[in-house]
Amino acid sequence: MSAGLRRAVRRVAQLHEDEAVVGLWRRALRPVLAWLTPGRRRTLLALAALYEAIRRPIHEVTSNPEVFEPGGLVEGVALVLILLGVFYGVYLAARNFARLPGVVRRRPQITLHSLFWIALAVFWALPPGAGALRVVLGGFVVVLPALLWRLGYLVMSGQRGRMAGTTPRDHLVYLYPFWGGSKTPYGKGLDYLARHEARTDEALARSQLAGIKLFALALVWKAALALMDGLVYGDPASPVTRALGGASLGLVRFGRLLGGEAHPGLLVAWLSVYAELVRQVLKLAVRGHEVVGILRLAGFNVFRNTYKPLLAGSIVEFWNRYYFYFKELLAEFFFFPTFVRWFKPRPRLRMFAATMMAAGAGNMYYHLLQREGTLLQGDLAGVWWSLHSRALYCVLLAAGIYVSMVREQGRRGHAAAPPGPGSWARRLLGVWTFYGVIHIWGLDTPHTFAQRTRFFLSLLGW
Amino acid sequence: VADDTSLVASGLIDSLAVLEIVAYVEATYGIDFAERGVDAEQLFTVRGILDLIDSAAR
């Protein structure tokens, strides 16, 4: 690539740092940027959150017939008030963290999560005809998992002594985030958001331009996904396939491979494993860029959720770059609490236990909470059925991350020449192979453990 | 290195080094993270580490 072209690409990629572009944006939007002070922005975001705090519980209570008998507006409003009451109670507990009983101070997250499990146990104990109480409790169990990790960040603020000067408005903003996402709190809690919050109109302009850049990147990756559908898989529904007259690389989607619907040769099967990894990364990047793009437009210039994981040279580096906010959730709620409590005199064991607790047990627990509907129905066999393959994925992931961390620590302090192209390609291939293979058991599809394992063995020629 | 420079963002340490900083601060200053929790980002800057030691001493 010529120096001129490289400069041009860099300029486009760094448009939010380009003084001319920032200046143009500030001039064009001066009154809006000046009016949108951090305080006003938080108020607007809190109003959006309040709307969601009313809409979502009412929606869940009135339209969830497959899980419990649907209720009406009265039950919906009751649930809204209960959830807002829980939020305010947790807020007060965080503000007065030092005065909480010792057992709660030592295990604040377990105390918080016990709310969910107690509510679930009471729901199970109630007969189906228990009326409004059962409807409200059912709604509570369905909505709470999406709030638990966010309430966890609120508790963490109290634990770290960071509640001074904050109001319920500030915390409501991320409890029901208008920027969307999933149960994983993109942008974490107030500590993190405040650290990355634009305080001047210039910082807001830069944050918004960085957000626009992410939207543009999301479009690029969407186009890449569409291209993959046609060029790589020859998906008959894809316009790209039609445009190419049906010509494609002929790789096979995981769903068909795991289900044994397709039996390609070894080379195509392996290439399909790598292609599926690329596809998963692109899908996650699209969703993450859109969510973080909105956060940046709102003035929180936070890290991207996905940042070039396919160029990572180690397993732990890939994990840091693949799904940043999920990785952070596992680190803050599982890794560090284990690390600071267990096996202190034995550093390696300490790190191993913390990694297993985060990427292994924590990862499983997070996905268990995703099955709130199945849990509510008391279908524990169904929960196990939907998660059993993931158990192996989590163990392999945790083991891989641990080994990679130990290797990275071993490398630290040794001056090493930058890896040559051959060495770099080998590392990349190793990382792609590791994640491509463990995804066989990690992908959320209805295939059984045996089907997945059979496909894995077929990759080895068995 | 300025007090507010992120040691990770500037490439001086990697994020894994935070584990060693935690172990060092625990052993040297007797800080118990079990009750206060670990704020990894706080440990990314010299000022953050000093603030932590200072607040624990009070």
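None of these values were measured; they are calculated from a predicted model.

Undergrad: Quick question: what am I supposed to make of the overall build of chain B here?
TA: Along its length, chain B carries three helices and zero strands. Listing every helix and strand of chain B by position from the N terminus yields α-α-α. Relative to the compact-globule value of 10 Å for 58 residues, chain B shows a C-alpha radius of gyration of 11 Å, a close match. Oriented by its inertia axes, the alpha-carbon framework of chain B measures out at about 30 × 20 × 15 Å. Taking contacts inside chain B between residues at least 6 apart in sequence as the whole, the part at least 24 apart equals 45%. Just so you have it, chain B exposes about 3000 Å², and 54% of that area is on carbon and sulfur atoms.

Undergrad: Help me understand the interface of chain A and chain B, please; the structure alone is not making it clear to me.
TA: Reports often express the size of an interface as the amount of accessible area lost when the parts come together. Counting residues at the interface gives 22 residues for chain A and 21 residues for chain B. Regarding the contact of chain A and chain B, the summed buried area is about 1900 Å², with carbon and sulfur atoms giving 47% of it. We note a salt bridge from glutamate 41 of chain B to arginine 195 of chain A, for which the minimum N-O separation is 3.6 Å. Looking at the side of chain A that touches chain B, the elements with two or more residues in it are helix H6 (102-106), helix H10 (190-195), helix H16 (324-339), helix H17 (347-370) and helix H19 (380-411) of chain A.

Undergrad: In this structure, what is going on with the nonpolar core? I would like to understand it.
TA: Burial of nonpolar side chains together is a common tendency in soluble globular proteins. Judged by nonpolar contacts, the single largest core of 139 residues is most densely connected at Leu151, Leu154, Phe318, Phe335, Ile401, Tyr435 and Phe455 of chain A. Judged by nonpolar contacts, the second largest core, of seven residues, contains Val22, Leu36, Ala198 and Leu204 of chain A.

Undergrad: Help me understand the packing of aromatic side chains, please; the structure alone is not making it clear to me.
TA: Here a ring pair, both rings aromatic, is described through the centre-centre distance and the interplanar angle of the planes. All names here are of chain A. Going through the model one piece at a time under the given rule, you end up with 30 aromatic pairs over all chains. Sitting over the face of the ring of tyrosine 233, arginine 253 holds its NZ or CZ atom 5.5 Å from the ring centroid. Arginine 350 extends its terminal NZ or CZ atom over the ring of phenylalanine 339, reaching a point 4.0 Å from the ring centre.

Undergrad: Looking at this structure, I do not really get the packing of helix H5 (residues 73-95) of chain A against helix H8 (residues 132-159) of chain A. What am I missing?
TA: Each pair of packed helices can be summarised by the angle the axes make with each other and by the distance between the axes. All names here are of chain A. Orientation of H5 relative to H8, taken along the N-to-C sense of each, is 25°, at an axis distance of 9 Å. In this view, H5 runs roughly parallel relative to H8, as classed from their interaxial angle. In terms of crossing hand, the pair formed by H5 and H8 is right-handed. Of the residues in H8, those in contact with Glu75, Ala78, Leu79, Ile82, Leu83, Val86, Phe87, Val90, Tyr91 and Ala94 of H5 are Ala132, Val135, Val136, Gly139, Phe140, Val143, Leu144, Leu147, Leu151, Leu154, Val155 and Gly158. A class-by-class count of the residues in the contact of H5 with H8 yields 19 nonpolar, two polar and one charged.

Undergrad: What exactly am I supposed to notice about helix H3 (residues 46-57) of chain B here?
TA: An α-helical turn contains 3.6 residues, so any two residues separated by three or four positions project in the same direction. All names here are of chain B. In this model H3 runs 17 Å from its N-terminal to its C-terminal C-alpha over twelve residues, within 8% of the 16 Å that 1.5 Å per residue would give. If you check which residues of H3 are buried, you get Gly48, Ile49, Leu52 and Ile53. Along the axis of H3, the buried positions cluster into a sector of 135°, meaning they face one direction only. Next to the buried residues of H3 lie helix H1 (17-29) and helix H2 (33-36).

Undergrad: Any chance you could explain the side chain of threonine 241 of chain A here in plain terms?
TA: Inspection of the secondary structure puts threonine 241 of chain A in helix H12 (residues 239-243). Aside from chain neighbours lying at most four places away, what touches threonine 241 of chain A is Asp229, Gly230, Gly234, Asp235 and Gly246 of chain A.

Undergrad: Sorry, what's going on with the pattern of salt bridges here?
TA: Pairing between side chains of opposite charge can happen when their charged atoms approach one another. Residues and elements named next belong to chain A. Evaluated as defined, the whole model comprises 32 salt bridges over all chains. Note that glutamate 197 is salt-bridged to arginine 42, the shortest N-O span being 2.6 Å. Highlighted residues: glutamate 197 in the loop between H10 and helix H11 (201-232) and arginine 42 in helix H4 (residues 38-62), separated in sequence by 155 residues. Note that glutamate 52 and arginine 55 form a salt bridge whose closest N and O atoms lie 2.7 Å from each other. Of the two residues, glutamate 52 and arginine 55 are both situated in helix H4; the distance of three residues between them amounts to about one turn of the helix.

What counts and how
- Residues numbered from 1 in each chain as written.
- Chains lettered and ligands numbered in written order.
- Predicted model: local features only at pLDDT ≥ 70, side-chain atom pairs only at ≥ 80, totals over all residues.
- Heavy atoms only, no water.
- Helix = DSSP H or I, 4+ residues; strand = E, 2+ residues; numbered from the N terminus.
- Rg over C-alpha atoms; globule rule 2.2 N^0.38 Å.
- Contact = heavy atoms within 4.5 Å.
- Areas by Shrake-Rupley, 256 points an atom, 1.4 Å probe, with all protein chains shown as cover.
- Buried area = accessible area lost by both parts, 1.4 Å probe.
- Salt bridge = Lys/Arg side-chain N within 4 Å of Asp/Glu carboxyl O.
- Core = buried A, V, L, I, M, F, W, Y, C linked by side-chain atoms within 4.5 Å.
- Buried < 20%, exposed > 50% of the residue type's maximum accessible area, 1.4 Å probe, protein only.
- Phe/Tyr/Trp six-rings, centres within 6.5 Å; stacked < 30°, edge-to-face > 60°.
- Lys NZ or Arg CZ within 6 Å of the ring centre and 35° of its normal.
- Axes fitted to C-alpha atoms, helices over the stretch in contact; angles between N-to-C directions.
- Parallel < 35°, antiparallel > 145°, perpendicular 65-115°, else oblique.
- Left-handed = near helix turned anticlockwise from the far one by under 90°.
- Nonpolar A, V, L, I, M, F, W, Y, C, P; charged D, E, K, R; others polar.
- Expected span 1.5 Å × (residues − 1).
- Arc of directions from axis to C-beta.

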